[in-house]
Amino acid sequence: MNQAVKSLNAIQLYWAQPFQSQVLPVISKAATFGQTAFKPGEAKNTYGTGCFMLMNTGTEVVESHNRLLTTVGWQVNGRTSYMLEGSVFMGGAVVQWLRDGLGIIEKSADVQALAASVPAQMA
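Below: a short report on this structure. Bear in mind that the values here come from a model prediction, so they are computed numbers and not experimental data. (Residues numbered from 1 in each chain as written. Predicted model: local features only at pLDDT ≥ 70, side-chain atom pairs only at ≥ 80, totals over all residues. Heavy atoms only, no water.)

### Considering the packing of aromatic side chains
- Inspection of every chain in the model, using the stated rule, returns 4 aromatic pairs.
- Considering the side-chain rings of Phe 33 and Trp 74, the 4.9 Å spacing of their centres and the 80° angle between planes classify their relative orientation as edge-to-face. Taken together, the residues span a long stretch of sequence, with Phe 33 in helix H2 (residues 27-34) and Trp 74 in strand S4 (residues 69-76) at a distance of 41 residues. Accessibility assignment for this pair places Phe 33 and Trp 74 in one class, buried.
- Consider the rings of Phe 52 and Phe 89, whose centres lie 5.6 Å apart with planes at 70°: the pair is edge-to-face. Of the two residues, Phe 52 sits in strand S3 (residues 51-58) while Phe 89 sits in the loop between strand S5 (79-88) and helix H3 (92-101), which places them 37 residues apart along the sequence.
- Judged by relative accessible area, which is 59%, Phe 89 ranks as exposed. (Phe/Tyr/Trp six-rings, centres within 6.5 Å; stacked < 30°, edge-to-face > 60°. Helix = DSSP H or I, 4+ residues; strand = E, 2+ residues; numbered from the N terminus. Buried < 20%, exposed > 50% of the residue type's maximum accessible area, 1.4 Å probe, protein only.)

Listed below in C-alpha coordinates is the structure:
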(Lines give C-alpha, C1' and ligand atoms only; values in the text may rest on other atoms or scores of the structure.)
Protein backbone atom coordinates (compact mmCIF):
# COMPACT_ATOMS: atom_id res chain seq x y z
CA MET A 1 0.00 0.00 0.00
CA ASN A 2 1.52 3.35 -1.00
CA GLN A 3 1.86 6.36 1.33
CA ALA A 4 -0.99 8.31 -0.29
CA VAL A 5 -3.41 5.42 0.26
CA LYS A 6 -2.20 5.02 3.86
CA SER A 7 -2.78 8.74 4.43
CA LEU A 8 -6.28 8.54 2.95
CA ASN A 9 -7.12 5.56 5.15
CA ALA A 10 -5.85 7.39 8.24
CA ILE A 11 -7.91 10.48 7.39
CA GLN A 12 -11.03 8.39 6.79
CA LEU A 13 -10.53 6.73 10.20
CA TYR A 14 -10.05 10.16 11.79
CA TRP A 15 -13.28 11.46 10.27
CA ALA A 16 -14.99 8.10 10.97
CA GLN A 17 -16.74 8.21 7.60
CA PRO A 18 -15.76 7.36 4.03
CA PHE A 19 -15.39 10.11 1.45
CA GLN A 20 -14.48 10.40 -2.21
CA SER A 21 -10.97 11.75 -2.70
CA GLN A 22 -8.43 12.22 -5.46
CA VAL A 23 -4.80 12.97 -4.58
CA LEU A 24 -2.32 13.42 -7.38
CA PRO A 25 0.41 10.77 -7.00
CA VAL A 26 3.16 13.10 -5.84
CA ILE A 27 4.91 12.31 -2.56
CA SER A 28 5.02 15.88 -1.27
CA LYS A 29 1.31 16.38 -2.01
CA ALA A 30 0.44 13.10 -0.33
CA ALA A 31 2.55 14.16 2.67
CA THR A 32 0.75 17.53 2.82
CA PHE A 33 -2.59 15.72 2.76
CA GLY A 34 -1.38 13.18 5.33
CA GLN A 35 -0.25 15.98 7.66
CA THR A 36 -3.78 17.46 7.37
CA ALA A 37 -2.84 20.83 5.88
CA PHE A 38 -6.48 21.28 4.87
CA LYS A 39 -6.97 24.99 5.60
CA PRO A 40 -5.74 27.91 3.50
CA GLY A 41 -2.36 29.05 4.77
CA GLU A 42 -1.38 25.67 6.21
CA ALA A 43 1.82 24.30 4.70
CA LYS A 44 4.14 21.30 4.69
CA ASN A 45 7.88 21.26 4.04
CA THR A 46 9.53 18.06 2.86
CA TYR A 47 13.33 17.69 3.03
CA GLY A 48 15.48 15.05 1.38
CA THR A 49 17.47 15.05 -1.83
CA GLY A 50 15.43 18.15 -2.63
CA CYS A 51 13.41 20.57 -0.52
CA PHE A 52 9.73 21.18 -1.23
CA MET A 53 7.13 23.51 0.28
CA LEU A 54 3.42 23.22 -0.39
CA MET A 55 0.93 25.74 1.00
CA ASN A 56 -2.82 25.24 0.79
CA THR A 57 -4.63 28.18 -0.83
CA GLY A 58 -8.09 26.65 -0.45
CA THR A 59 -10.56 26.56 -3.31
CA GLU A 60 -9.06 29.64 -4.97
CA VAL A 61 -6.27 29.57 -7.53
CA VAL A 62 -3.67 32.02 -6.23
CA GLU A 63 -1.10 33.53 -8.56
CA SER A 64 2.34 33.78 -6.97
CA HIS A 65 4.31 37.00 -7.14
CA ASN A 66 7.45 35.12 -6.01
CA ARG A 67 7.89 32.47 -8.71
CA LEU A 68 6.01 29.73 -6.88
CA LEU A 69 4.01 27.21 -8.90
CA THR A 70 0.22 27.19 -8.58
CA THR A 71 -0.93 23.57 -8.55
CA VAL A 72 -3.86 21.30 -7.72
CA GLY A 73 -3.44 19.68 -4.32
CA TRP A 74 -6.35 17.27 -4.12
CA GLN A 75 -10.06 16.87 -4.53
CA VAL A 76 -12.26 15.68 -1.66
CA ASN A 77 -16.02 15.19 -2.08
CA GLY A 78 -15.93 17.15 -5.35
CA ARG A 79 -14.13 20.17 -3.78
CA THR A 80 -10.72 20.97 -5.29
CA SER A 81 -7.99 22.44 -3.09
CA TYR A 82 -5.17 24.39 -4.71
CA MET A 83 -1.63 25.01 -3.51
CA LEU A 84 1.43 27.11 -4.03
CA GLU A 85 4.56 25.01 -4.44
CA GLY A 86 8.20 25.95 -4.06
CA SER A 87 10.86 23.44 -5.07
CA VAL A 88 14.62 23.17 -4.63
CA PHE A 89 15.52 20.00 -6.49
CA MET A 90 19.12 19.76 -5.28
CA GLY A 91 18.95 20.56 -1.55
CA GLY A 92 20.31 17.65 0.45
CA ALA A 93 22.14 16.32 -2.60
CA VAL A 94 24.27 19.49 -2.73
CA VAL A 95 25.30 19.02 0.91
CA GLN A 96 26.34 15.45 0.11
CA TRP A 97 28.29 16.67 -2.94
CA LEU A 98 30.12 19.30 -0.83
CA ARG A 99 31.02 16.54 1.66
CA ASP A 100 31.68 13.47 -0.51
CA GLY A 101 32.48 14.95 -3.92
CA LEU A 102 34.48 18.08 -3.16
CA GLY A 103 35.61 17.40 0.40
CA ILE A 104 34.85 21.01 1.39
CA ILE A 105 33.10 19.87 4.58
CA GLU A 106 33.73 16.81 6.76
CA LYS A 107 30.17 16.21 7.95
CA SER A 108 26.80 17.45 6.77
CA ALA A 109 26.31 19.67 9.84
CA ASP A 110 29.37 21.70 8.74
CA VAL A 111 27.34 23.27 5.93
CA GLN A 112 25.74 25.71 8.40
CA ALA A 113 29.09 27.31 9.31
CA LEU A 114 30.07 27.37 5.63
CA ALA A 115 26.85 29.19 4.70
CA ALA A 116 27.29 31.65 7.60
CA SER A 117 30.78 32.50 6.34
CA VAL A 118 29.42 34.00 3.10
CA PRO A 119 29.43 37.84 3.31
CA ALA A 120 25.90 39.30 3.44
CA GLN A 121 26.35 41.24 0.17
CA MET A 122 27.02 37.93 -1.64
CA ALA A 123 24.06 36.01 -0.17
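What follows continues from the structure just given.
### Examining the pairing of strand S2 (residues 43-47)
- Taken together, the 5 bridges between S2 and S3 define a ladder with antiparallel strand orientation. By the bridge assignment for S3, Lys 44 is matched with Leu 54.
- A loop of 3 residues connects S2 with S3, the two strands running antiparallel in sequence. (Pairing = 2+ DSSP bridges.)

### A word on the side chain of Thr 57
- By secondary structure assignment, the location of Thr 57 is in strand S3.
- Reaching out from Thr 57, the side chain makes a polar contact with the backbone oxygen of Glu 60 at a distance of 3.0 Å.
- Beyond its immediate chain neighbours, meaning those up to four positions away, Thr 57 contacts Pro 40, Val 62, Tyr 82, Met 83 and Leu 84. (Polar contact = N/O pair within 3.5 Å; in protein donor to acceptor, adjacent residues only side chain to side chain. Contact = heavy atoms within 4.5 Å.)

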